[in-house]
Amino acid sequence: TKFSYATSVLAFYLFCTHNNLKHQMINELDSALVEFMNACFLDGDGGFVGSRLIAALSYVRPELGRPRDMQVSKAKQALRGWKRLAPGFSRLPLRGRGWLA
């Protein structure tokens, strides 16, 4: 979990650096999260990417609080829309009789 959190936060910070987005203040963080989520959605990523990022940010920056208490309303709204529009991923069935083993 720590590794996936670290990679999620690193990807977000790299995105912010590449696009010259500030993320120190809560309103700047909210806007940057929305931009990142829009980019991930357009790249075809699933909604779990945004959920994991919000959880990772609450882990890395404890001053933000727990994920459900974070004051990033625009990002939460973007995440809800993302989950509605992007279908969930499921595993493909095993071929042949491999599942009987």
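Residues numbered from 1 in each chain as written. Predicted model: local features only at pLDDT ≥ 70, side-chain atom pairs only at ≥ 80, totals over all residues. Heavy atoms only, no water.

Break down the side chain of Asp-30 for me, citing the residues and quoting the values.
By the secondary structure assignment, Asp-30 is in helix α2 (residues 26–42). It turns out Asp-30 is buried and unbridged, and the closest side chain with the opposite charge, Lys-74, is 5.1 Å from it. Discounting residues that sit within four places of it in the chain, Asp-30 has contacts with Val-72, Ser-73, Lys-74 and Ala-75. (Helix = DSSP H or I, 4+ residues; strand = E, 2+ residues; numbered from the N terminus. Buried < 20%, exposed > 50% of the residue type's maximum accessible area, 1.4 Å probe, protein only. Lys, Arg positive; Asp, Glu negative; His and termini not counted. Salt bridge = Lys/Arg side-chain N within 4 Å of Asp/Glu carboxyl O. Contact = heavy atoms within 4.5 Å.)

Can you break down the side chain of Arg-61 residue by residue, with the values?
Looking at the secondary structure, you find Arg-61 in the loop between α3 (48–60) and α4 (73–85). A residue is classified by how much of its surface remains accessible, and Arg-61, at 14% relative accessible area, is buried. If near-sequence neighbours (up to four positions away) are discounted, Arg-61 is found in contact with Tyr-13, His-23, Gln-24 and Leu-29.

Explain the packing of α2 against α4 residue by residue, including any values.
Between α2 and α4, the shortest axis-to-axis distance is 8 Å and the interhelical angle comes to 15 degrees. The angle between the axes of α2 and α4 places the two elements in the roughly parallel class. Here α2 and α4 pass one another in a crossing that is left-handed. Contact residues: Asp-30, Ser-31, Leu-33, Val-34, Met-37, Cys-40 and Phe-41 in α2; Ser-73, Lys-74, Ala-75, Ala-78, Leu-79, Trp-82 and Leu-85 in α4. Per-class residue counts for the contact of α2 with α4 are ten nonpolar, two polar and two charged. (Axes fitted to C-alpha atoms, helices over the stretch in contact; angles between N-to-C directions. Parallel < 35°, antiparallel > 145°, perpendicular 65-115°, else oblique. Left-handed = near helix turned anticlockwise from the far one by under 90°. Nonpolar A, V, L, I, M, F, W, Y, C, P; charged D, E, K, R; others polar.)

I'd love a proper account of a nonpolar patch on the surface, names of residues and values included.
Together, Phe-41, Leu-42 and Leu-85 make up an exposed nonpolar region whose accessible area comes to about 340 Å². Its location among the elements puts Leu-85 in helix α4. Assessed through its relative accessible area of 63%, Leu-85 is described here as exposed. (Patch = residues over 30% accessible without salt bridge, like charges linked within 9 Å, V, L, I, M, F, W, Y side chains within 5 Å. Areas by Shrake-Rupley, 256 points an atom, 1.4 Å probe, with all protein chains shown as cover.)

So what's going on with the packing of aromatic side chains? Which residues, and what values?
According to the stated counting rule, one finds four aromatic pairs in the structure shown. For the ring pair Tyr-5 and Tyr-59, a centre distance of 5.6 Å and an interplane angle of 55 degrees mean the geometry is tilted. Of this pair, Tyr-5 sits in helix α1 (residues 2–18) while Tyr-59 is found in helix α3, placing the two residues 54 residues apart along the sequence. Chaining the aromatic ring pairs together yields one cluster made of Phe-12, Tyr-13, Phe-15 and Phe-36. (Phe/Tyr/Trp six-rings, centres within 6.5 Å; stacked < 30°, edge-to-face > 60°.)

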